[in-house]
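These are the residues of each chain, in order.
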Number of protein chains: 2
Amino acid sequence: MDIKKAMEILRENGYKNTSQRKIILDVICKQKRPYKANEIFNMVSEATSGINFSTVYRNLELFLNLGIINKISLNESFNYYELSTGKHRHHIICKLCGVVKEIDLCPFKDMEISELEKLGFEPKEHKFEIYGICSKCKNNMIK
Amino acid sequence: MDIKKAMEILRENGYKNTSQRKIILDVICKQKRPYKANEIFNMVSEATSGINFSTVYRNLELFLNLGIINKISLNESFNYYELSTGKHRHHIICKLCGVVKEIDLCPFKDMEISELEKLGFEPKEHKFEIYGICSKCKNNMIK
DNA sequence: TTTAGTGCAAACGGTTTGCACCGCT
DNA sequence: AGCGGTGCAAACCGTTTGCACTAAA
C-alpha cells in the first residue's frame, strides 16, 4: 500500500480527493511505526495549518473502512494507526517508553484453529502483542 | 484466588475491610467471564444501595495493583476485569454478541522468546485474543 | 451546481479527581 | 481519635457529532 494506491481506492469508492486527505495519507505512508491519532494530527499540522482534529479522526475512520489502514488497540486509552499491508501484523510494546514495533512472528497455528472449532467458535481474526523492555530502555537502565 | 484470600491480601497491605469492598469482591469472585466496570457496578448495586461508580473504579484499581484481579483491554473503548488466577489467560471474543470467554490455549513458545531476545527485546507479558463468531450466534444465523 | 468534506464547538462516554464527610481500626 | 475510604459532583481526555460553510467533481 502506498499513497497512490490509497488515492485510487478513495476515487474508486466515490470519495473526493481533498488536500487534507492527501496530507494525512502522506504522514501515514511515511510512518515507521504505528502512530496515535494525536501524533498523526501533530505531523499533519506541521505540514499544513488549520486542519481540525475531527477531520483527522473522520478520515482515519474512513481509511479504516476502506482497508487502507489498520487500527491497533493496546492496553491504553487511545488507539494506534498504521498502514495496511495485506497480511496481519503483531507488535511488541515497551513497558517503559511505550514504543510500538511490528514483528514478523505469528503464533497462531492450524492446530489451534481446529481446537477452537471443537468449541463451536469460528475464529476470524486474532491479536498477539508482547509487552516487555526494549533494547534502548534496557541500555538506559544499565547506565 | 477467592474472597478470603483477597481480603487477606488487603489486610496484609494495610487496607481496610469495608462493606463496599466485600461486595465488589463477592461479585468478582462469582463471575464466570470477564466483566466490564459497569457490569460490576450494576451487580454491586443490586446487592447494596448507594454505592458509587467511583468507589467501584477506585477499588478495581486497588485490586489490580494488589494482583487480585486482571484488567483486559480489547478492541473496545472500555476494559474488562477478571479474578486473577496466577497463570496468565487468553480470551476469545464474539464479534457479534461481544461475549468474552477464557481459553486454555497459549501460543507463546520458548522459540519465540529467544527470537525476540535476539532483537534485544525482553518479553515480560503477552496478550493473545481471538475474534470470531461464537456457537450461539452461529446458530442464530442459521435459523 | 451539487454534494461530500471541512472547521468549529459542543456533546459523548468511560474514567479520574478534589473535597468534605463517614466509618474501620 | 486518626486516617483511610466513600459519595458526590465536576473534571478529564480521547473521540464523535450537528451544523453551517467550503470546495471537489
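Because the structure is a prediction, the values reported are computed rather than measured.

Undergrad: Can you help me understand the pattern of salt bridges in this one?
TA: If charged atoms from side chains of opposite charge come close, those side chains can pair. Overall, the coordinates contain 16 salt bridges over all chains when judged by the stated rule. With a shortest N-O distance of 3.9 Å, Lys 118 of chain A and Glu 115 of chain A are connected by a salt bridge. Separated by 3 residues within a single helix, Lys 118 of chain A and Glu 115 of chain A lie in helix α5 (residues 110-118), roughly one turn from each other. Taking the relative accessible area as the measure of exposure, Glu 115 of chain A reaches 36% and is therefore partly exposed. As a salt-bridge pair, Glu 125 of chain A and Lys 95 of chain B come within 2.3 Å of each other at their nearest N and O atoms. Taken together, the positions of Glu 125 of chain A in strand β6 (residues 122-133) and Lys 95 of chain B in the loop between β4 (90-94) and β5 (100-103) put the pair across two chains. Residue Glu 125 of chain A is classed as partly exposed on the basis of its relative accessible area of 41%. One connected set of salt bridges, linked through shared partners, spans Lys 127 and Glu 129 of chain A together with Lys 127 and Glu 129 of chain B.

Undergrad: Help me understand the interface of chain A and chain B in this model?
TA: Many authors give the size of an interface as the accessible area that is lost as the parts come together. Contacts between chain A and chain B engage 33 residues on the former and 33 residues on the latter. Of the roughly 3,000 Å² buried at the junction of chain A and chain B (both faces included), carbon and sulfur atoms supply 62%. Its largest share of buried area at the contact with chain B, chain A owes to Leu 105, Phe 121 and Lys 127 of chain A, together 20% of the area lost on that side. For the pair chain A and chain B, the number of links is 6 salt bridges. When contributions to the side of chain A that touches chain B are tallied by element, the ones reaching two or more residues are β4 (90-94), α5, β6 and α6 (135-142) of chain A. Broken down by element, the side of chain A that touches chain B gets its largest block of residues, 12 residues, from β6 of chain A. Among the residues forming the side of chain A that touches chain B, the class breakdown is 17 nonpolar, 6 polar and 10 charged. As judged from the 11 bridges shared by β6 of chain A and strand β6 (residues 122-133) of chain B, these two strands associate in the antiparallel manner. Of the residues in β6 of chain B, the one forming a bridge with Pro 123 of chain A is Gly 132 of chain B.

Undergrad: Can you walk me through the sheet that holds strand β1 (residues 35-36) of chain B in this structure?
TA: Within a sheet, adjacent strands bond to each other through the backbone by hydrogen bonds, running parallel or antiparallel. Residues and elements named next belong to chain B. Taken together, the 3 strands give an open sheet; going across it, the order is β1-β3-β2, and neighbouring strands pair in antiparallel fashion. Each of the sheet's edge strands pairs with one partner strand only, and the pair in question is β1 and β2 (69-73). Pairing analysis gives 5 bridges linking β2 to strand β3 (residues 79-83), with the strands arranged antiparallel. Each residue of the ladder has a partner; that of Ile 72, found in β3, is Tyr 80.

Undergrad: Is there a simple way to explain the domain arrangement of chain A in this structure?
TA: Residues and elements named next belong to chain A. In terms of domains, chain A is made up of domain 1 (1-86) and domain 2 (87-143). The distance between the C-alpha centroids of domain 1 and domain 2 comes to 23 Å. Across the contact, 10 residues belong to domain 1 and 12 residues belong to domain 2. Together, the buried faces of domain 1 and domain 2 total about 890 Å²; carbon and sulfur atoms form 50% of this surface.

Calculation notes
Residues numbered from 1 in each chain as written. Chains lettered and ligands numbered in written order. Predicted model: local features only at pLDDT ≥ 70, side-chain atom pairs only at ≥ 80, totals over all residues. Heavy atoms only, no water. Salt bridge = Lys/Arg side-chain N within 4 Å of Asp/Glu carboxyl O. Helix = DSSP H or I, 4+ residues; strand = E, 2+ residues; numbered from the N terminus. Buried < 20%, exposed > 50% of the residue type's maximum accessible area, 1.4 Å probe, protein only. Contact = heavy atoms within 4.5 Å. Buried area = accessible area lost by both parts, 1.4 Å probe. Nonpolar A, V, L, I, M, F, W, Y, C, P; charged D, E, K, R; others polar. Pairing = 2+ DSSP bridges. Domains from an automatic or database assignment.

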